[in-house]
Every structure is written in structure tokens, then in C-alpha cells.
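Here is how the chains run, residue by residue.
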Amino acid sequence: MGKVHDQLTQHGRQGALAFTGTDVERKVLEAAYDFMADEASGIGFLFSGWCQTALPHRKLPDDQVWTLKTDYVRLMVEPGSVEINDQVVRVGVPYGSRARLILLYLQSEAIRTNSREIELGRSLRIWLGKLGVPIGGKSMRDVRDQALRLSRCRMTFQITQGDKVGFINQNLIDTAMFSMEGGSLLETVQLSERFFLELKRHPVPVQEGAIRALSNNSQALDVYCWLAYRLRALQGPTMITWAALMPQFGRAYSDRKEFRRRFVENLQMALAVYPDANVEVVRGGLKLMNSRPAVPEKGAKVLI
């Protein structure tokens, strides 16, 4: 358990705030407090490919293709289209924290129910509410926008494991999530068969309490999911250089020093909700060491 968690245990939230001096330190403490205060202890699941790559954090031009390449995974997301008043209009690729939360919900429900048909409507609203996402107004408009982008885009994963290369090249979702007429949530949505099979083969468990604490920070969400994937199967101390981290986490930065500063801030947020993660910032990058998994294996296996 890290220093911030010890402070919260010994002094409580208000007392621990006295030890913070910067906005980042206060945000880290609040994230740790939210995580430690979570009593539901729910478990979510992600396809391992999403833990090794990421969607954009900000909106791109509607016709722009998103590509991201790391040592083991290459992701390409092509924007989809809709027909409005007899004209075909691009809707752009999904981005930001809301797209990530919707993806997590769809994948978690698919694992829980062992079905690629996912219930929406009331279930999605309840789940988003549990994560602290307001159900109404601008927040729900953002959810609708990202749901439309996710249901229309086409994703290609190229995954390299040793001398083997695998592909997933299709729409993530076979059906739309919202009706085009009234904009209301449909009752169900269906994941594509190939993606569902890959998700079942390679699920990564995450703590829903951790996701809730980071629900408005897409960069910290990505770092947390990456740690949940990397640390659970670590064979021994592993050095990850800044150069290796930048393709996955630093696409928005041209200056490596600025990327390093912002990455460390988001790493602190991720560690606030993964107190058993054994990670050190060292000269040249990060040192990952043997750690307990983000979700106890017994709890994760019950659902898989």
C-alpha cells in the first residue's frame, strides 16, 4: 500500500488533505479515497488488446482514421457513416473517457452473461450512474455521441505473439446502440462474433471501483488498464523506457519531457486505485516488478 493510502487509513480524508500541496496530489488523494471507499467491489473486463493500445483522448476530424502502433499491437479505427436527409455523413472515431466506459460496460456484460447480446437501456444507465456519470443533459448527449461512433466505426487489431500474427478486422458492434429517430437507447446490442470470441480468450479483469475513481480521466484509465494487464503476468523486474511508452500513451505530445511529466501524473492516479502495483519511476523510464493482480484471481475466475 502506498503512502497516500497509509495517510488515508491513519488520518481520514480531511486529515490526509493536509499533507497535499499541489492539485495533482489532491486529485491523487481523492482518487485513492474514492477507491478505498468503494464497497461494491465489482469486477469489469477488457479485451487484452485494449490494454496495449488506446482510442484518442480528444475529438479528431470526422473523416480522420486513428492508428496506434506499439511493440505488440497495432490498432486502426476507421470512422463510420450515417445517412441524414439522404446525405451520407461521417460521424468520426470514438474518443475520450465516455467511449472507454461504454466499451468496458459492453465487454464486462459479455463476460458476465457469456453472451454477445448485451442489454442496454436501464442496465447501461444504472451502470454509468454507479461510475458517477450523470444520467442526463450534456453527459447523456456525450454518451449518445460516443455510442454512435462506436457502433459505426470499424476496428482492426493486429496482434503479434512471438512468430504469430493475428487479426481482428470488423465492426466491434453488429447493431446500433441508439435509435436514429428518437435517440433513445435500444433494448439490446450485439457484439461482433469475432470480437466476442477474442474477448473470451483474452479477458483482463479490472476493479470497477478503480474505473469509477478515474471515470473522467481517459489517460489515467489507459495507464490503469495497462498496469492491470502487464503486472498480472510479469516474470520478473522489467524496464520500460520512455521511448517504448510514448507510442501508446504519448501520441498527443511532441515534446518527450512534457509527455514524461504528464504520464507520471496519470501514473500516480492509476497507482492510487491499484495500491498493490509495484512500479517505480527510474532514470530512463519505469521499472515494473512482481505485483498482486489488480483483481484477486479467485474473484476474477468466478466470473470468467
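Residues numbered from 1 in each chain as written. Predicted model: local features only at pLDDT ≥ 70, side-chain atom pairs only at ≥ 80, totals over all residues. Heavy atoms only, no water.

## Topic: the overall build of the protein chain
Link 1 in the chain: Counting its regular elements, the protein chain contains 12 helices and 13 strands.
Link 2 in the chain: Per-residue burial for the protein chain yields a buried fraction of 48% across its 304 residues.
Link 3 in the chain: With the model as given, the accessible surface of the protein chain reaches about 15100 Å², and the carbon-plus-sulfur share is 47%. (Helix = DSSP H or I, 4+ residues; strand = E, 2+ residues; numbered from the N terminus. Buried < 20%, exposed > 50% of the residue type's maximum accessible area, 1.4 Å probe, protein only. Areas by Shrake-Rupley, 256 points an atom, 1.4 Å probe, with all protein chains shown as cover.)

## Some remarks on the nonpolar core
Link 1 in the chain: Formed by 91 residues in total, the largest nonpolar core has its most connected members in Tyr224 and Leu227.
Link 2 in the chain: In contact with Tyr224, other than residues within four places in its own chain, are Val206, Gln207, Ala210, Ile211, Leu214, Ala270, Val273, Tyr274 and Ala294. (Core = buried A, V, L, I, M, F, W, Y, C linked by side-chain atoms within 4.5 Å. Contact = heavy atoms within 4.5 Å.)

## Topic: the pattern of salt bridges
Link 1 in the chain: This structure, assessed with the given rule, holds 13 salt bridges.
Link 2 in the chain: Between Arg100 and Asp222 there is a salt bridge whose closest N-O contact spans 2.8 Å. Here Arg100, found in helix 4 (residues 96-113), pairs with Asp222, found in helix 9 (residues 218-232); they are 122 residues apart in sequence, far enough to count as distant.
Link 3 in the chain: Here Arg100 falls in the buried class, since its relative accessible area comes to 10%.
Link 4 in the chain: Overall, the relative accessible area of 10% leaves Asp222 in the buried class.
Link 5 in the chain: The salt bridge partner of Arg112 is Glu208, with a shortest N-O separation of 2.5 Å. Taken together, the residues Arg112 in helix 4 and Glu208 in helix 8 (residues 208-213) connect sequence positions 96 residues apart.
Link 6 in the chain: Exposure remark for Arg112: the relative accessible area of 30% places this residue in the partly exposed category.
Link 7 in the chain: Exposure remark for Glu208: the relative accessible area of 6% places this residue in the buried category.
Link 8 in the chain: One network of salt bridges, in which partners are shared, links Glu258, Arg261, Arg262 and Glu265. (Salt bridge = Lys/Arg side-chain N within 4 Å of Asp/Glu carboxyl O.)

## Notes on the sheet that holds strand 12 (residues 278-282)
Link 1 in the chain: Spatially, the 3 strands line up as an open sheet ordered 11-13-12, and their pairing is antiparallel. Two strands bound the open sheet, and with one partner strand each, they are strand 11 (238-241) and strand 12. With strand direction ignored, the average angle separating the axes of adjacent strands in the sheet is 25°.
Link 2 in the chain: Across 5 bridges, strand 12 lies against strand 13 (residues 285-289) in antiparallel orientation. Across the sheet, residue Val282 finds its bridge partner in strand 13, namely Gly285.
Link 3 in the chain: Along the sheet, helix 9 contacts strand 11, strand 12 and strand 13; its crossing angle with strand 13, the most-contacted strand, is approximately 50°.
Link 4 in the chain: This element, helix 10 (residues 242-249), spans strand 11, strand 12 and strand 13 of the sheet and lies at about 65° to strand 11. (Pairing = 2+ DSSP bridges. Axes fitted to C-alpha atoms, helices over the stretch in contact; angles between N-to-C directions.)

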